[in-house]
Amino acid sequence: MQNMPNNRNFFMTIALSVLILLVWQVFYMNPKIEAQRQQAQIEAQRAAEQTKVADPATAPAQGTAAPATAEAVAGDVSLDSAMAQDQRVAFDTPHLKGSINLKGGRFDDVVLKEYRETVDKTSPNIHLLVPSPVASGYFAEIGYTGVAALGSLPGPDTVWTADAGATLSVEKPVTLTFVNDKGLTFKREIKVDADYLFTVTDSVTNGTAADAALSPYGRITRYQKPLGTSVYVLHEGAIGYHETAGLQEINFTDLEEDKEVKPAKGSNGWLGFTDKYWAAALVPAANTEYQARFSRFEDGRPRYQVDYLSDPLTLKAGETKTVETNLFAGAKEVDIINKYLDEKKFTRFDLMIDWGWFYFLTKPMFYLMDWLNKLFGNFGLAILATTVVVKLIFFPLANKSYVSMAHMKTAQPKMLEIKEKYADDRQKQQQAMLELYKTEKINPIAGCWPVLLQIPVFFALYKVIYVTIEMRHAPFYGWIHDLSAPDPTSIFNLFGLLPFAVPAFLLIGVWPLLMGITMFLQMRMNPTPPDPTQAAIFTWMPVIFTFMMATFPAGLIIYWAWNNFLSILQQGYIMKRNGAKIELWDNLVGMFKKKPATT
């Protein structure tokens, strides 16, 4: 009976710890393996995409759907060759560089100046939007559909006219012009801000003698999935929001199965594709009804597409009307996303970042870490400081837990006495034990609280480290150059001293080892369980955790190791203050003592 509370706490700790590992295996490792298989399939698909298809189809009639034109396949076309096929208007801003294709008025060349593919500062910049002839083609297009009597309308084949030598910058917009064969004139002014937003304002003039009704559309098309690891804790794929349908998240697999998803018509929203760190999204004209669609097309060259078709725009003879559309193409930086939410009034644009179901924990966690990063100038130090803040917040509850555990240890002689006194009467033994708990202020489940409190904080921190771009390639000190990636060192090549690479499953770095050591010491603060099976688990669990968690982001491992260290100090101080014996030293010495021979 005297060991029952300790056993309960022990098994609760084991169960919760195993839960963490199972969640990690299901939501990270399994999808990672699947992503590697998908990558192999993508490479095979690239080699097979060599068949030419027909010329792009003409735009559909008014009110049917946004264009789903089949694009010619040119799987072996280089980026330079694709860029040279058409005339372009270059742009350069503090965050972006690239060009706009005058054919179709396409945004198909957007480079993120501040982000590179790897931590190597000489690696290529992220090329977000890419011309369609390239295997990784990914572009945005804005146009119009209408009845045949209106003539050719701006679409995939339209060649816009720009002033000679025109370039786009934050201070200088550009104007494109297209006049069709029936007397409709389109003037397109394109502006770009200092971050990641393009604003397209079309002025449409009806130069005919009759009324004209045409429907604005927008589409974003891409030919490949993200090439990185796909995990269930993060949405990557089509995404959209408007006031009628709410948030729409459709992953690539669902698009492949369903081919098309059409939510209810609505207004005041946005739609696009989101990757882990980047996104491209169209924001249709405010207060205008539109039909959104999320699709997978298999005709010609397989592709994914999000598009919208707005209600018809009616112009009387000689009338001019304007349509404003915004395109976001860039990194999902929290401050910038929030700026567009607040200043541009893009409805629920903050949902572009996948904060998860527990956003009420993950968002405050991020803002705290981001503020501390700005204060200390390092996200690793921000993680250490965040751990201290979390410890202070939960200190009263954790303090009560450790005090109760200390009281339980000091009361163990009385527990043994009760057990011997009522050895033949289980009911009286239990009543006496409950009375002792009350007298000594013992909570039998108090030891579970530190572990329980750690679980939501752990997952919130993991979400922040994994999802937010602010943590991408964020360095710590020494060998940690990316807190969002695992510790790159390994004990099996003496942390790089031996000249050979180590398989991924043997990357047991310095920080995972520190985490395992602190976990081992924390567990040794308590008496070793008398049961041999429990004792074996007690001994080997830190070793198992060290191997299992070595693939976690380094930032998360640093948090866990630092948290363990602070817990050791806190528990040791409280136990000493309450007169409870600290078992750490005796347990360590006992590990090396020769065990008496059993007969």
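Scroll up a little and you will see the structure.
Presented here is an overview of the structure given in this document. (Residues numbered from 1 in each chain as written. Predicted model: local features only at pLDDT ≥ 70, side-chain atom pairs only at ≥ 80, totals over all residues. Heavy atoms only, no water.)

### A word on the overall build of the protein
Next, step 1: Scanning the protein from terminus to terminus reveals 14 helices and 20 strands.
Next, step 2: A fraction of 67% describes how many contacts in the protein between residues 6 or more apart in sequence connect residues 24 or more apart. (Helix = DSSP H or I, 4+ residues; strand = E, 2+ residues; numbered from the N terminus. Contact = heavy atoms within 4.5 Å.)

### Points about the packing of helix H6 (residues 379–393) against helix H13 (residues 554–577)
Next, step 1: Interaxial distance between H6 and H13 falls to 9 Å at its minimum, and their mutual angle equals 40°. Between H6 and H13, the interaxial angle falls into the category oblique. Our pair here, H6 against H13, has a crossing hand that is right-handed. Facing H6, whose interface residues are Ile383, Leu384, Thr387, Val388 and Lys391, H13 presents Gly555, Ile558, Tyr559, Trp562, Asn563, Leu566, Ser567 and Gln570.
Next, step 2: Residues belonging to the contact of H6 with H13 are distributed by class as follows: 7 nonpolar, 5 polar and 1 charged. (Axes fitted to C-alpha atoms, helices over the stretch in contact; angles between N-to-C directions. Parallel < 35°, antiparallel > 145°, perpendicular 65-115°, else oblique. Left-handed = near helix turned anticlockwise from the far one by under 90°. Nonpolar A, V, L, I, M, F, W, Y, C, P; charged D, E, K, R; others polar.)

### Some remarks on unusual backbone geometry
Next, step 1: Although it is not a glycine, Asn287 adopts a positive phi angle of roughly 60°.
Next, step 2: Following the sequence through the fold, Asn287 ends up in the loop between strand E16 (278–283) and strand E17 (290–297).
Next, step 3: Unusually for a residue other than glycine, His473 sits at a positive phi of about 60°.
Next, step 4: Considering the arrangement of structural elements, one finds His473 in the loop between helix H10 (449–467) and helix H11 (510–523).
Next, step 5: Under the relative-accessibility criterion, His473 is labelled partly exposed at 23%. (Buried < 20%, exposed > 50% of the residue type's maximum accessible area, 1.4 Å probe, protein only.)

### What about the sheet that holds strand E8 (residues 174–179)?
Next, step 1: Reading across the sheet, the 9 strands line up as E6-E8-E9-E10-E20-E16-E15-E12-E13 and stay open at both edges, with antiparallel pairing between neighbours. One side of each edge strand has no neighbouring strand; the edge strands of this open sheet are strand E6 (161–162) and strand E13 (246–251).
Next, step 2: Note that strand E9 (residues 184–192) and strand E10 (residues 197–206) share 9 bridges and pair antiparallel. Residue Glu189 lies in a different strand from E10, and its bridge partner there is Thr201. (Pairing = 2+ DSSP bridges.)

### Points about the packing of helix H4 (residues 334–342) against helix H5 (residues 359–376)
Next, step 1: Where H4 meets H5, the closest approach of the two axes is 12 Å, and the angle between their N-to-C directions is 120°. In terms of orientation, H4 lies oblique with respect to H5. Seen from H4, the contacting residues are Val334, Asp335 and Asn338; seen from H5, they are Phe366, Tyr367, Asp370 and Lys374.
Next, step 2: The class makeup of the residues in the contact of H4 with H5 is 3 nonpolar, 1 polar and 3 charged.

### Concerning the pairing of E8
Both faces of the sheet carry side chains from a regular strand, because those side chains alternate between them.
Next, step 1: Burial along E8 is one-sided: the face carrying Val174, Leu176 and Phe178 is buried and the face carrying Thr175, Thr177 and Val179 is not.
Next, step 2: Two strands pair when backbone bridges link them, and E6 and E8 are joined in this way by 2 bridges, in the antiparallel orientation. Residue pairing for E8: Thr161 is matched across the bridge by Thr177.
Next, step 3: Both E8 and E9 contribute to a ladder of 6 bridges, which runs antiparallel. Paired with Leu176 across the strands is Arg188, a residue of E9.
Next, step 4: Connecting E8 to the next strand, E9, in antiparallel fashion are 4 residues, including Gly183 with a positive phi near 105°.

### Section: the pairing of strand E15 (residues 270–274)
Next, step 1: Within E15, 5 of the 5 residues are buried, which leaves it mostly tucked inside the rest of the structure.
Next, step 2: In this sheet, E15 lies alongside strand E12 (residues 237–242) in antiparallel orientation, the contact comprising 5 bridges. Paired with Gly240 across the two strands is Leu271, which belongs to E15.
Next, step 3: Sheet topology note: the E15/E16 ladder contains 4 bridges and is antiparallel. Looking at the pairing, Gly272 lines up with Ala281 of E16.
Next, step 4: Counted between consecutive antiparallel strands, the loop separating E15 from E16 contains 3 residues.

### Points about a nonpolar patch on the surface
Next, step 1: Nonpolar side chains collect at one region of the surface, where Ile491, Phe492, Phe495, Trp540, Val543, Ile544, Phe547 and Met548 lie side by side and expose about 730 Å² of accessible area between them.
Next, step 2: Looking at where Ile491 falls in the secondary structure, it is placed in the loop between H10 and H11. (Patch = residues over 30% accessible without salt bridge, like charges linked within 9 Å, V, L, I, M, F, W, Y side chains within 5 Å. Areas by Shrake-Rupley, 256 points an atom, 1.4 Å probe, with all protein chains shown as cover. Salt bridge = Lys/Arg side-chain N within 4 Å of Asp/Glu carboxyl O.)

### Describing the packing of aromatic side chains
The way to describe two aromatic rings as a pair is by their centre distance and the angle between their planes.
Next, step 1: If you walk through the whole model with that rule in mind, you get 27 aromatic pairs.
Next, step 2: Relative to Tyr304, the ring of Phe252 has its centre 4.9 Å away and its plane inclined at 75°; by these criteria the two rings are edge-to-face. Pair noted here: Phe252 is in helix H3 (residues 252–258) and Tyr304 is in strand E18 (residues 303–310), with a separation of 52 residues, a long-range link.
Next, step 3: For Tyr304, a relative accessible area of 3% gives the class buried.
Next, step 4: The interplanar angle of 70° and the centroid separation of 6.4 Å between the aromatic rings of Tyr340 and Phe349 together place this pair among those described as edge-to-face.
Next, step 5: What makes Tyr340 buried here is its relative accessible area of 1%. (Phe/Tyr/Trp six-rings, centres within 6.5 Å; stacked < 30°, edge-to-face > 60°.)

### Description of H6
Next, step 1: With 15 residues, H6 extends 20 Å between its outermost C-alpha atoms, agreeing within 8% with the 21 Å of an ideal straight helix rising 1.5 Å per residue.
Next, step 2: Among all positions of H6, only Phe379, Gly380, Ala382, Ile383, Leu384, Ala385, Thr386, Thr387, Val390 and Lys391 are buried.
Next, step 3: Near the N-terminus of H6, the side chain that reaches the backbone nitrogen of Gly380, with its oxygen 2.6 Å away, is that of Asn378. (Expected span 1.5 Å × (residues − 1). Polar contact = N/O pair within 3.5 Å; in protein donor to acceptor, adjacent residues only side chain to side chain.)

### Observations regarding the pattern of salt bridges
Next, step 1: Following the criterion strictly, the structure yields 20 salt bridges and no others.
Next, step 2: Notably, a salt bridge pairs Lys113 with Asp92, separated by 2.9 Å at the nearest N-O pair. A residue pair is termed long-range when its members are at least 10 positions apart, and Lys113 in strand E3 (residues 106–116) and Asp92 in strand E1 (residues 88–92) qualify at 21 residues.
Next, step 3: What makes Lys113 partly exposed here is its relative accessible area of 32%.
Next, step 4: One salt bridge connects Asp335 with Lys374, and the closest N-O pair in it is separated by 3.5 Å. Highlighted residues: Asp335 in helix H4 and Lys374 in helix H5, separated in sequence by 39 residues.
Next, step 5: A relative accessible area of 57% means that Lys374 is categorised as exposed.

### What to know about the side chain of Ser123
Next, step 1: Looking at the element boundaries, Ser123 is found in the loop between E3 and strand E4 (125–129).
Next, step 2: In this structure the side chain of Ser123 is engaged in a polar contact, spanning 2.7 Å, whose partner is the backbone oxygen of Asp120.
Next, step 3: Discounting residues that sit within four places of it in the chain, Ser123 has contacts with Arg116, Glu117 and Thr118.

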